[in-house]
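# Structural description and commentary
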Protein chains: 2
Amino acid sequence: MSSNVRHWWVNQNQTFRQETEGGYLWSPKRNSHGGRNPFYEFMREISPGDLVFSFEGTYIRAIGVARSNAYESPKPPEFGKAGPNWDAIGWRVDVKYYPLNNQIRPADYMSAIRPELPPRYSPLQSNGRGNQGVYLTFVPPRLVDVLFRSIGPEAEQLHTIVRSIEYPAEVDYREETAIGLVEWEEHLINDIRSNLNLSETERETLILARRGQGVFKKNVMQVESQCRITKVDRAEHLRASHIKPWRDCGGSDERLSAANGLLLTPSVDHLFDRGFVSFEDNGDLLISPAAHLSSLEKMGIITAGSVNVGGFNTDQRFFLNYHREEVFLRARVTKRVTHVPQI
Amino acid sequence: MSSNVRHWWVNQNQTFRQETEGGYLWSPKRNSHGGRNPFYEFMREISPGDLVFSFEGTYIRAIGVARSNAYESPKPPEFGKAGPNWDAIGWRVDVKYYPLNNQIRPADYMSAIRPELPPRYSPLQSNGRGNQGVYLTFVPPRLVDVLFRSIGPEAEQLHTIVRSIEYPAEVDYREETAIGLVEWEEHLINDIRSNLNLSETERETLILARRGQGVFKKNVMQVESQCRITKVDRAEHLRASHIKPWRDCGGSDERLSAANGLLLTPSVDHLFDRGFVSFEDNGDLLISPAAHLSSLEKMGIITAGSVNVGGFNTDQRFFLNYHREEVFLRARVTKRVTHVPQI
């Protein structure tokens, strides 16, 4: 089994049809009372190529292959009653689903499955029923083996197919990602365009700010002088990248705040915006476990050893905290889970 | 005199006020009969930090400092009668102008100036009048010296100030560039949004194409498999970059054509889109003389020696020809002019 491919379990009961037909996973970012939920945080750990067991109505219905990392995306319109709920911003992962011919009922295999259930965040109760409250969770390798044996040859065949796919041989893998993100930003831009409480100049300023240009860039240049990573200092090659994303900002103040920006060359801007990299307050570079290291290296990011890009001021730290919490592709609970001993 | 700073002459008679107040130079791309004009092609050679003598009404009125390379931009609205002429796409360079206290009349200094006038593309006639038909032209170093001596200490002071400015110490230099370009694209997007001859899906597809995403990216992925420069092959890090820019495309077909795209990591996408790099049909990498080499190197572009990224197919070559002719920052006439012997 490829050590790079990780395995996940998703309880899709209420949204099974929408997610499998639409080719994605979607979760909110927070519980209804605003707290963190480990089963939503796991979304941030998925990498393209990971496998997902799709569970619905006591059956494993399909195996999915992730085609993207998690990205911020509004609640899918097909979930709700009245079109997109643009305010409910969650995590989305693009997934290609392969329906199984042999859709097994784990409850029928509990003697083999039970010993492999992890003590925390288990996908199933010991009686084989789904675990209330679990959306996405991690499947330990030995449990994967049991499930694959139970499903039979088609699971192994699928696994073999997935392992043999080399980027970018398969178009399936290589479809666009993050379309939801782009569409969402276009929606916000339309909102600004039609906001008659803003002057024409204010509207243009806010729209330019999304492109990392205009007044916002000028503001950031009062604080930052070069790309923290590549050290490029020529304005024509730098974008003013929002630390708290433009799409998440509460209003004009945050969208234009000098402290809410870094000057970054375009590839670094992309990696930062999509949460593949972030920074500690002291300037230590954080690289997401979801990142594809050799791709980052080809883009000029040093991924080995520790890199410090210089500290940040108090106001910047406020926004950096948001970036680490809400954008950076890191699940806080990962270590606890992946280090659970395989009993 | 810094060998990196080059000197230019602009005859601004009709647009002097607009250009100096607006802080830019602007020229069409072509003559009214559609041909090339060397005085427009020179726009593509200006680099940030270059000096420009601003000539109007027989006087040198100001010295400007270029703050950007040339970028595609619509005709400034203040030139015309009835708002922006979005169809007239020309070259724009951002310039900071310093008005001179001693505005000299070159005709008064012709005994010193005349011997230094270049035989081709001369900014002045031998009688000291401006040359009809010249917009922007090159000023040979010895002519620069004569003009500086004629203007007196303030020219040298300005030169000293400019030489001492290190990127990015001066905010003046570091304001945003290419705002016109962004505004123009936003204008085109608005046009698409309000085009009722297109379906909602077609409109979204065309707008996503500008971001290098969606159907266009999928199309390009049928032809290209990785970034030609960085060799990154993960879809999540690649943009489908238009060879003939989205903003210049005649219609939907060109905007979505598989042959009109390359998969590029974001920094390379930026350099290609802004004309700092291009490719020969055989895949040889072209680096613009207007590019800042050490910045390119920091972004992972090998600038020394020759780099070949592999050849292009017939359809791609069609679009690459457009890129080299219309986007790449290279003036055809440069060599002829700069190699004129200094008599």
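Residues numbered from 1 in each chain as written. Chains lettered and ligands numbered in written order. Predicted model: local features only at pLDDT ≥ 70, side-chain atom pairs only at ≥ 80, totals over all residues. Heavy atoms only, no water.

## A closer look at the overall build of chain A
A tally of regular secondary structure across chain A gives 14 helices and 11 strands. Counting all 343 residues of chain A, 59% fall into the buried class. At a minimum sequence separation of 6, the contacts of chain A that also span at least 24 residues come to 70%. (Helix = DSSP H or I, 4+ residues; strand = E, 2+ residues; numbered from the N terminus. Buried < 20%, exposed > 50% of the residue type's maximum accessible area, 1.4 Å probe, protein only. Contact = heavy atoms within 4.5 Å.)

## Remarks on the relation of the copies chain B and chain A
After a rotation of 180 degrees and a shift along the axis of 0.0 Å, chain B superposes on chain A with an RMSD of 0.2 Å. Put plainly, the chains are arranged around a two-fold axis. Both copies share a contact surface, since 100% of the interface residues of chain B are interface residues in chain A too. (Least-squares fit on C-alpha atoms with pLDDT ≥ 70 in both.)

## Structural notes on the interface of chain B and chain A
Counting residues at the interface gives 52 residues for chain B, matched by 52 residues for chain A. Interface area, chain B with chain A, both sides summed: about 4900 Å², of which 53% is carbon and sulfur. Viewed at the interface, chain A and chain B are joined by 0 salt bridges. Inspection of the region where chain B meets chain A yields 5 residue pairs in polar contact (both at pLDDT 80 or more). Counting residues per element, the side of chain B that touches chain A draws most heavily on helix H7 (residues 179–193) of chain B, at 7 residues. Its residues assigned to classes, the side of chain B that touches chain A shows 18 nonpolar, 14 polar and 20 charged. (Buried area = accessible area lost by both parts, 1.4 Å probe. Salt bridge = Lys/Arg side-chain N within 4 Å of Asp/Glu carboxyl O. Polar contact = N/O pair within 3.5 Å; in protein donor to acceptor, adjacent residues only side chain to side chain. Nonpolar A, V, L, I, M, F, W, Y, C, P; charged D, E, K, R; others polar.)

## A look at the pattern of salt bridges
One pass over the full model with this rule turns up 38 salt bridges over all chains. As a salt-bridge pair, Arg 92 of chain A and Asp 94 of chain A come within 3.5 Å of each other at their nearest N and O atoms. One exposure class covers both Arg 92 of chain A and Asp 94 of chain A, and it is buried. A salt bridge links Glu 236 of chain B to Arg 234 of chain B; the nearest nitrogen and oxygen atoms lie 3.1 Å apart. Of the two residues, Glu 236 of chain B and Arg 234 of chain B, both sit in the buried class. Connected through shared salt-bridge partners, Lys 29, Arg 30, Glu 72, Arg 247, Asp 273 and Glu 326 of chain A make up one network.

## Side note on the pairing of strand S1 (residues 7–11) of chain B
Residue and element names in this part refer to chain B. Judged by how many residues are buried, S1 sits mostly within the fold: 5 of 5 residues are covered. By the alternation rule, side chains of S1 split into His 7, Trp 9 and Asn 11 and Trp 8 and Val 10, which are all buried. When S1 meets strand S7 (residues 136–138), the two strands line up antiparallel, connected through 3 bridges. What sits directly across from Trp 9, in S7, is Thr 137. (Pairing = 2+ DSSP bridges.)

## Quick look at the packing of aromatic side chains
Residue and element names in this part refer to chain B. Counting across every chain of the model gives 26 aromatic pairs over all chains. Seen from their ring centres, Phe 39 and Phe 42 are 6.4 Å apart, and the 50 degrees between their planes marks the pair as tilted. We note that Phe 39, like Phe 42, is buried. Aromatic side chains Phe 318 and Phe 319 sit 5.1 Å apart centroid to centroid with 80 degrees between the ring planes, which places their arrangement in the edge-to-face category. (Phe/Tyr/Trp six-rings, centres within 6.5 Å; stacked < 30°, edge-to-face > 60°.)

## Let's talk about unusual backbone geometry
Phi at Tyr 121 of chain A takes a positive value of approximately 60 degrees, unusual for a residue other than glycine. Relative to the helices and strands, Tyr 121 of chain A is located in the loop between helix H3 (110–113) and strand S7 (136–138).

## Looking at the confidence of the model for chain A
Residue and element names in this part refer to chain A. Averaged over all residues, the pLDDT of chain A equals 83, while 87% of them reach at least 70. The secondary structure element of chain A with the lowest average pLDDT is helix H6 (residues 171–174), at 34, and the one with the highest is strand S9 (residues 261–264), at 97. Low confidence marks residues 166–177, where pLDDT is under 50. Its contacts with residues over four positions away, or in another chain, come to 41 contacts. Below pLDDT 50 for its whole length, residues 332–343 participates in 18 contacts with residues either more than four positions away or in separate chains. (pLDDT = per-residue confidence, 0-100.)

## Description of the nonpolar core
Judged by nonpolar contacts, the single largest core of 129 residues is most densely connected at Leu 25, Leu 136 and Phe 279 of chain A together with Leu 25, Leu 136 and Phe 279 of chain B. In contact with Phe 279 of chain B, not counting residues within four places along its chain, are Ile 229, Leu 262, Phe 272, Asp 284, Leu 285, Leu 286, Val 309, Phe 312, Leu 320 and Arg 324 of chain B. (Core = buried A, V, L, I, M, F, W, Y, C linked by side-chain atoms within 4.5 Å.)

## What about the packing of helix H11 (residues 266–273) of chain A against helix H11 (residues 266–273) of chain B?
Across the interface, H11 of chain A lies against H11 of chain B with an axial gap of 6 Å and an inter-helix angle of 140 degrees. Taken together, H11 of chain A and H11 of chain B sit at an angle that is classed as oblique. Seen along the crossing, H11 of chain A lies across H11 of chain B with a hand that is right-handed. Where H11 of chain A approaches H11 of chain B, its residues Pro 266, Ser 267 and His 270 of chain A are matched on the opposing element by Pro 266, Ser 267 and His 270 of chain B. (Axes fitted to C-alpha atoms, helices over the stretch in contact; angles between N-to-C directions. Parallel < 35°, antiparallel > 145°, perpendicular 65-115°, else oblique. Left-handed = near helix turned anticlockwise from the far one by under 90°.)

## A look at the state of the cysteines
Using the criterion set out here, one finds 0 disulfides over all chains in the structure. Cys 249 of chain A carries a free sulfur, and the closest cysteine sulfur to it, the one in Cys 227 of chain A, is 20 Å from it. Cys 227 of chain B forms no disulfide, and the closest cysteine sulfur to it belongs to Cys 227 of chain A, at a distance of 17 Å. (Disulfide = S-S within 2.5 Å.)

## Notes on helix H8 (residues 200–210) of chain A
All names here are of chain A. When you tally the buried positions in H8, you get 8 out of 11 residues, the bulk of the element. Taken residue by residue, H8 has Arg 203, Glu 204, Thr 205, Leu 206, Ile 207, Leu 208, Ala 209 and Arg 210 as its buried positions. Phi turns positive, to about 70 degrees, at Gly 212, one or two residues after H8.

## Some thoughts on the side chain of Ser 68 of chain A
All names here are of chain A. Structurally, Ser 68 is set in the loop between strand S4 (59–66) and strand S5 (71–75). Using a relative accessible area of 0% as the deciding quantity, one classes Ser 68 as buried. From its side chain, Ser 68 meets the backbone nitrogen of Asp 94 in a polar contact 2.9 Å long.

## What about the environment of Glu 183 of chain B?
Residue and element names in this part refer to chain B. Take Glu 183: it is sitting in helix H7. Glu 183 gets classed as partly exposed once you look at its relative accessible area, which sits at 34%. A sequence separation of 110 residues divides Glu 183 from Ser 73, and the C-alpha atoms of the two residues are 8.9 Å apart.

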